[in-house]
Amino acid sequence: MTISPARRLTATLYGYAFLDDFVLLYPVYALLFADSGLTVWQISSLFALWSVTGVLLEIPSGAWADAVSRRLLLWVGPLLTAAGFTLWVLVPSYWAFALGFVLWGIKGALGSGALEALVYEELDRLGAAGRYGRVMGRARAAGLVGVMAAMGLAGPVFAFGGYPVVGVASVLACLLTAVVATRFPEHRAADSGATSGEGWVRPLRAGLAEARGDRSVRAALLLVPAVTAVWGALDEYTPLLVRDTGVAENAVSHWLLLIWAGATVGGLLAGPAQRLGRGGFAGILAGSALALAAGAGARTPAGIGLVALAFCGFQLASVLADARLQESIAGTGRATLTSVAGVGTDLATVAVFGAYAVVGSATSHATAFALSAVPYLLVALTVAAGRRGTAGRSAARTSDATARP
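Definitions and cut-offs
- Residues numbered from 1 in each chain as written.
- Predicted model: local features only at pLDDT ≥ 70, side-chain atom pairs only at ≥ 80, totals over all residues.
- Heavy atoms only, no water.
- Helix = DSSP H or I, 4+ residues; strand = E, 2+ residues; numbered from the N terminus.
- Contact = heavy atoms within 4.5 Å.
- Areas by Shrake-Rupley, 256 points an atom, 1.4 Å probe, with all protein chains shown as cover.
- Buried < 20%, exposed > 50% of the residue type's maximum accessible area, 1.4 Å probe, protein only.
- Polar contact = N/O pair within 3.5 Å; in protein donor to acceptor, adjacent residues only side chain to side chain.
- Expected span 1.5 Å × (residues − 1).
- Patch = residues over 30% accessible without salt bridge, like charges linked within 9 Å, V, L, I, M, F, W, Y side chains within 5 Å.
- Salt bridge = Lys/Arg side-chain N within 4 Å of Asp/Glu carboxyl O.
- Lys, Arg positive; Asp, Glu negative; His and termini not counted.
- Charge placed at Lys NZ, Arg CZ, Asp CG, Glu CD.
- Core = buried A, V, L, I, M, F, W, Y, C linked by side-chain atoms within 4.5 Å.

(A) How the structure looks around the overall build of the protein. Across its full length, the protein holds 17 helices and zero strands. Look at the contacts in the protein between residues 6 or more apart in sequence, and 83% of them connect residues 24 or more apart. Here the protein has roughly 18000 Å² of accessible surface; of this, 68% comes from carbon and sulfur atoms.

(B) Representation of the side chain of Q326 in the model. Structurally, Q326 can be placed in helix α14 (residues 303–328). Taking the relative accessible area as the measure of exposure, Q326 reaches 0% and is therefore buried. There is a polar contact of 3.0 Å between the side chain of Q326 and the side chain of T338. The residues contacting Q326, other than those within four sequence positions of it, are E116, Y120, Y132, R334 and T338.

(C) Spotlight on helix α11 (residues 252–268). Look at α11: 25 Å from first C-alpha to last across 17 residues, which is about the 24 Å you get at 1.5 Å a residue. All of the buried residues in α11 are V252, L256, I259, W260, G262, A263, T264, G266 and G267.

(D) Just α14, in detail. For α14, spanning 26 residues, the distance from its first C-alpha to its last is 38 Å, which sits close to the expected 38 Å at 1.5 Å a residue. For α14, the tally of buried residues reaches 21 of 26 residues, placing the bulk of the element in the interior.

(E) Fine view of the environment of G15. Position of G15 relative to the elements: it lies in helix α1 (residues 5–21). Separated by 162 residues in the primary sequence, G15 and T177 place their C-alpha atoms 7.9 Å from one another.

(F) Fine view of a positive patch on the surface. There is a patch of like positive charges on the surface, built from R7, R131, R134, R138 and R275. Mapped onto the fold, R138 is located in helix α7 (residues 132–181).

(G) Just the nonpolar core, in detail. In this structure, V119 and F184 are the most contacted members of the largest nonpolar core, which totals 81 residues. Top element by residues in this core is α14. It accounts for twelve residues. With near-sequence residues (within four places) excluded, V119 lies in contact with L9, L13, Y132, V135 and M136. Ranked by size, the runner-up nonpolar core spans 23 residues in total, among them L24, F33, F97 and Y163.

In structure tokens:
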């Protein structure tokens, strides 16, 4: 039976997304650090090193993805993570953990921009660019299913063999991710500048020039971090929010699964939601913000259902913002510009971490979550105002055309 090119692309993407997040070390690596004797400050410094690595390499790696094979970067990245996890298990120490996080950060930078650019351009080649939002939404959902599966299996596997077995399983998942990545179709020729003295500088200049010259690209670049950063940072604090509602410690993970199920549904809704205009997009953000504020403010387990609904809307809005960015890019610097949006998201996320630390320390996790709804309401108002402005300009142009003899 012959597999269609579109089916091969999507099957590879969904498998890649699932395996990339099916890492059993995710739920327990903080415990591994603590059990290896690291202090809270040392653990925090590892997270900071991870973030800084990604920020510094995000844009150069995006330009590199525009200059060479994007598929190459997608299968090399998981091999770096596998090497880092191997170090963690074999020589559990601060410097091994630090090197592992640097390798993990490099992997994230290599894939960010390259994946979105490859998928969009392959769909465009098949005449199916309009399906990008639906396809990437399902890929995000597949990744979240991988996270939830890892959360469910980490406990039994850890009980069976401890950190070594959990580490081996994580390394195998990374190796399988690399194998699947080699199956991505790629019909784009590498930039000839990659073999010249300019290297990746040419696509970097081309991408930034497009951003400077196209207002719609600039708006899309700003929208991605505005939508993605806050809820992406809040994700790290959801266990604390759930525990403060009074549920038993052993039930916290069950409520977290509810939140992630909401985010998974949000990814699956991206296809139908692509038909929504600016008004619908603003409505999603505003409704999700209100659900977040109400759910967190309730301070009860039932309120976590509203938080799950909010995460559903935020995930949906994140996919739609990415799709809008890809549709606005017309030049050759697609991966570069996607990486620029990624850097914006990373920097905004760090800012959210700082703001949360201040508010959460002075008040409570519930209050910090509720106040985090405010930025989304502001973004929703900005998007809605932009819609009215666009409508007004269109009406003015129509009026002028009618008035001309």
